[in-house]
Amino acid sequence: MRLIIEPNYDSLSKWAANYVAAKINKAKPSAEKPFVLGLPTGSSPIGMYKHLIELYKKGIVSFEHIITFNMDEYVGLPQNHEQSYHTFMWETFFNHINIKKEHVNILDGTAPDLEKECAAYEEKIKKAGGIDLFLGGIGTDGHLAFNMPGSSLSSRTRVKTLTNETLLANSRFFDNDMNKVPKTAVTVGIGTVLDAKEVLIIVNGFAKANALQHVIEDSVSQMWPISALQLHPQSIIVADEAACAELKVATYNYFKDIEKNHLNPDNLL
């Protein structure tokens, strides 16, 4: 596991965006062999999406031959709901790049048979050749996508009940009213994420410091779903200084030191 420590949110967002663009360009995707991205929603990736849009507008990266699979969606919200993740992704990212609509995959939280919807999503990922790079963020309780503490580390795409902590955190998008937040969601599983060829997780802010400490310094535990990242052979966490507040000084210095020898993705574009 690599831990990239950046000074602030904007610099970590730029690092992540440049890394994604560099991976796409290195793969040289085509219609016959597209590059497959797993994508998150929430506040953490917004900065990365903004920088990716800038890179696209500058002609540095193209999304013409990119296939995407989003992590999750609320159950019961129609696609055009202002707080649906369909709406979030199109308004925040997809409407500003040259991705083909038919290449965008987002779970349908209004499907009449949610179990069938989840199984079909897993099958579609397999038919696409698997996910090349799965991007994500984490919750303050260490949840990954909507895999709450206690989730199986081998879980697949399914319906999950959300915890009160998650409902409270997400209530800021629903007039600060927890009762307006959907109580369930459809989400990729931890096993689904670990199947990706590479995983990149964004962690920003002091509120995430405890979760980051668990994934970096503690053992793997289903009570901290993000800790499953330790099991992945190609995983990267990019964090800002605030998110590193709970790390031991020796741990912090170790990762700062070893990253001196890694090439910055800025130089790969």
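Check the entry above for the structure.
Predicted model, so just to flag it, every value in this text is computed and none were measured.

S.K.: Looking at this structure, how should I read the overall build of the chain?
M.R.: Scanning the chain from N- to C-terminus turns up eight helices and ten strands. Partitioning the intrachain contacts of the chain with sequence separation of at least 6 by distance along the chain shows that 79% fall at a separation of at least 24. For the chain, the exposed surface amounts to about 12,100 Å²; the carbon and sulfur share of it is 50%. Each charge sign in the chain was given a centre, from 26 positive and 31 negative side chains, and these centres are 5 Å apart.

S.K.: Whenever I open this one, the pattern of salt bridges confuses me. Can you help?
M.R.: A side chain with one charge can pair with a side chain of the opposite charge if their charged atoms come near. Within this structure, the stated rule accounts for seven salt bridges. With a shortest N-O distance of 3.3 Å, aspartate 132 and lysine 197 are connected by a salt bridge. Placement of the pair is aspartate 132 in the loop between helix H4 (114–127) and strand S6 (133–137) and lysine 197 in the loop between helix H6 (190–194) and strand S9 (199–203), with a sequence separation of 65 residues. A salt bridge links aspartate 257 to lysine 260; its shortest N-O distance comes to 3.9 Å. Accessibility expressed as a relative area gives 44% for aspartate 257, which makes it partly exposed. Residue classification places lysine 260 among the exposed positions, given a relative accessible area of 65%. Each of Glu122, Arg156 and Asp195 takes part in salt bridges that share partners, so that together they form one network.

S.K.: For this particular structure, what's the right way to read the pairing of strand S7 (residues 158–161)?
M.R.: The side chains of a regular strand alternate, residue by residue, between the two faces of the sheet. Alternating positions in S7 separate cleanly, Arg158 and Lys160 being buried on one face and Val159 and Thr161 remaining unburied on the opposite face. Both S7 and strand S8 (residues 184–187) contribute to a ladder of four bridges, which runs antiparallel. By the bridge assignment for S8, threonine 161 is matched with threonine 184.

S.K.: What is the right way to read the sheet that holds strand S10 (residues 235–240) from this model?
M.R.: Within a sheet, each strand pairs with its neighbour through backbone hydrogen bonds, oriented either parallel or antiparallel. Strand order in this open sheet of seven strands is S1-S10-S9-S6-S2-S3-S5, and the pairing throughout is parallel. Each having just a single partner strand, strand S1 (2–6) and strand S5 (104–105) make up the two edges of the open sheet. Across two bridges, strand S3 (residues 66–70) lies against S5 in parallel orientation. Paired with threonine 68 across the bridge in S5 is valine 104. Across the sheet, H4 lies against S3 and S5, angled at about 155° from S3, the strand it touches most.

S.K.: Mind showing me how you'd approach the nonpolar core here?
M.R.: Nonpolar side chains in soluble globular proteins tend to end up buried together. With 44 residues, the main nonpolar core has Val20, Met48, Leu52, Phe63, Phe93, Phe94 and Leu200 as its most contacted residues. At the level of elements, helix H1 (9–27), strand S2 (35–39), helix H2 (46–57), helix H3 (85–92), S6, S9 and S10 are the ones that each hand at least two residues to this core. Examining the composition of this core, we find that eight residues originate from one element, H1, more than from any other. Leaving out residues up to four positions away in the same chain, methionine 48 has contacts with Ser13, Ala16, Ala17, Val20, Leu135 and Ile202. In terms of nonpolar packing, the next biggest core, distinct from the first, is built from 37 residues, Val36, Ile131, Leu229 and Ile237 among them.

S.K.: It is not clear to me how the side chain of serine 84 should be interpreted in this structure. Could you clarify?
M.R.: Within the secondary structure layout, serine 84 lies in the loop between strand S4 (72–74) and H3. Since its relative accessible area comes to 1%, serine 84 is described here as buried. A distance of 2.7 Å separates a polar side-chain atom of serine 84 from the backbone oxygen of glutamine 79. Among residues more than four places away in sequence, those in contact with serine 84 are Glu73, Leu77, Pro78 and Gln79.

S.K.: What should I look at first to understand H4 in this one?
M.R.: Two residues of an α-helix separated by three or four positions point the same way, owing to the 3.6 residues in each turn. The end-to-end C-alpha distance of H4 is 20 Å, a good match for the 20 Å that 14 residues give at a rise of 1.5 Å each. Of the residues that open H4, the one with a side-chain oxygen 3.3 Å from the backbone nitrogen of glutamate 115 is aspartate 113.

S.K.: What am I meant to see in the pairing of S6 here?
M.R.: In terms of burial, S6 is a largely internal element, five of the five residues being buried. Of the two faces of S6, the one lined by Leu133, Leu135 and Gly137 and the one lined by Phe134 and Gly136 are each fully buried. Strand direction decides the pairing type here: S2 and S6, joined by two bridges, are parallel. Bridged to leucine 37 within S6 is leucine 133.

Reading the values: rules and limits
Residues numbered from 1 in each chain as written. Predicted model: local features only at pLDDT ≥ 70, side-chain atom pairs only at ≥ 80, totals over all residues. Heavy atoms only, no water. Helix = DSSP H or I, 4+ residues; strand = E, 2+ residues; numbered from the N terminus. Contact = heavy atoms within 4.5 Å. Areas by Shrake-Rupley, 256 points an atom, 1.4 Å probe, with all protein chains shown as cover. Lys, Arg positive; Asp, Glu negative; His and termini not counted. Charge placed at Lys NZ, Arg CZ, Asp CG, Glu CD. Salt bridge = Lys/Arg side-chain N within 4 Å of Asp/Glu carboxyl O. Buried < 20%, exposed > 50% of the residue type's maximum accessible area, 1.4 Å probe, protein only. Pairing = 2+ DSSP bridges. Axes fitted to C-alpha atoms, helices over the stretch in contact; angles between N-to-C directions. Core = buried A, V, L, I, M, F, W, Y, C linked by side-chain atoms within 4.5 Å. Polar contact = N/O pair within 3.5 Å; in protein donor to acceptor, adjacent residues only side chain to side chain. Expected span 1.5 Å × (residues − 1).

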